[in-house]
Protein chains: 2
Amino acid sequence: MEMGTNWLNDVEMRAWRSMLSVHSQLYNQLDEELVKAHGITFAEYEVLVHTSEGPGGSVRMASLAEATLISRSGLTRRVQHLVAVGLLERRRCKEDKRGTFAVLTPLGCEKLRAAAATHVRGVREHMISKLSRVELEALADALEKVVDHNSEPG
Amino acid sequence: MEMGTNWLNDVEMRAWRSMLSVHSQLYNQLDEELVKAHGITFAEYEVLVHTSEGPGGSVRMASLAEATLISRSGLTRRVQHLVAVGLLERRRCKEDKRGTFAVLTPLGCEKLRAAAATHVRGVREHMISKLSRVELEALADALEKVVDHNSEPG
DNA sequence: GAAATTTGATTGCTATTGCAACTATCTCAT
DNA sequence: ATGAGATAGTTGCAATAGCAATCAAATTTC
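Scope of this entry: the structure provided in the associated data block. Numbering of residues starts from 1 in each chain and follows the order in which that chain's sequence is written. Each chain gets a letter, beginning with A, and each ligand a number, beginning with 1, in the order they are written. Local features in this predicted model are restricted to residues of pLDDT 70 or higher, and side-chain atom pairs are both shown and tallied only at a pLDDT of 80 or more, whereas totals for entire chains, interfaces and linings draw on every residue. Based on all heavy atoms of the structure, the side-chain values leave hydrogens and waters out of the count.

**Details of the sheet that holds strand 1 (residues 58-60) of chain A**
All names here are of chain A.
No. 1: Pairs of strands are assigned from DSSP output, requiring at least two bridges between the strands. Helix and strand definitions here come from DSSP, where helices need a minimum of 4 consecutive H or I residues and strands a minimum of 2 consecutive E residues; each element is numbered from the N-terminal end. Sheet architecture is open: three strands sit in the order 1-3-2, paired in antiparallel fashion. In this open sheet, the two edge strands, each paired with only one partner strand, are strand 1 and strand 2 (88-92). Averaged over all pairs of adjacent strands, the angle between strand axes in this sheet comes to 30°, irrespective of strand direction.
No. 2: The sheet contact formed by strand 1 and strand 3 (residues 100-104) spans three bridges and is antiparallel. To get an axis, fit a line to the C-alpha atoms, keeping to the stretch in contact for a helix; angles then go from 0 to 180 degrees between the N-to-C directions.

**Side note on helix 6 (residues 133-151) of chain B**
No. 1: Spanning 19 residues, helix 6 of chain B covers 27 Å between terminal C-alpha atoms, matching the ideal 27 Å at 1.5 Å per step.
No. 2: The classification of residues rests on relative accessible area computed with a 1.4 Å probe and restricted to protein chains. Under 20% of the type maximum is buried, over 50% is exposed, and intermediate values are partly exposed. Listed as buried for helix 6 of chain B are B:L136, B:L139, B:A140, B:A142, B:L143, B:V146 and B:V147. Here a helix's expected span is defined as the number of its residues, less one, multiplied by 1.5 Å.

**Details of the protein's contact with DNA strand D**
No. 1: One heavy atom within 4 Å of a molecule or strand is enough for the residue carrying it to be called near that molecule or strand. Around DNA strand D sit 21 residues in total, of which A:A62, A:T76, A:R90, A:R98 and B:S71 are the nearest.
No. 2: Those atoms of DNA strand D that come within 4 Å of the protein belong to sugar or phosphate at a rate of 62%.
No. 3: Polar contacts, as used here, are pairs of N or O atoms within 3.5 Å; protein pairs need one atom able to donate a hydrogen and one able to accept it. Residues neighboring in sequence count only if both atoms are side-chain atoms. A:R72 is positioned with one of its side-chain polar atoms (N or O) 3.3 Å from a phosphate oxygen of DNA strand D.
No. 4: For the surface near DNA strand D, the elements supplying multiple residues, two or more each, are helix 3 (61-67) and helix 4 (72-84) of chain A together with helix 4 (72-84) of chain B.

As structure tokens, then:
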């Protein structure tokens, strides 16, 4: 259908639409692989990863929400579930009694270790391996530039 | 926390994580702009776009689901909503009586035209404008390569 | 050409998400 | 100190998503 609209040009369109496609493909694929192999979703895996990156395998909820790119309420419930299945613990913060830490349990640590192998293999297989070193660096640089610009205030 | 795990190396990590970040940032930003300016979500906008690209502004449901990267059941309900607000119509397919077309209404056409301006401006502002011509082409090429590899059967 | 299989699409159900509202605690200006 | 406002986190609620089951129509098989 002809719209006479101000569409994106070819390069712009290819960049934007392929971003949506890559994200969708990889997210679904990696999620499926994790669920099949380890019984956790990609979303849950992300929580474990970012928790493990904090000191002592613990992170404040707000920080974790930001790292995992979801809302605070969404994170509350994801953590609730991970606590229920024994992969995380919650710990009150002593310096700020409003605060809560998510803490990796030994079981969570085990699970993360195992899942990371699957995840890393998936990322390499479905994305990294399709690109040359140069292409990968160009991709990382371009994407990071966009992230940085949009992260700054204003 | 030290995990001794087979993590991604620096470039791999930067490429992969920044992809997640860019997608999240842009999706949320563009969605918010469309909702504010035109009262439709980005997901709904995508349906209108891909519908308009079919002959006579009409597309079969299955094809539309694939283009908009969601499940068929998800699409059924999105289209239901867009029909309810008058932006789409449903039309039975005569050659295959199982089939259904989503068809853009005149109102939907208007809405798309208006929303496209907002959307295109957003994509340019939040992504395209942060990159040089060369960077943008490298980004598009790399992402498309990944998409193509993962789209092929096998 | 009837039966079996496949395909197109929708529906029931459940899970996940975010927004807005809420509680609790902290900070700061006066 | 105290009261106003900011911040951390959780909860109610409604919207949206996908899977599995279902129904209808087309296609294949024998």
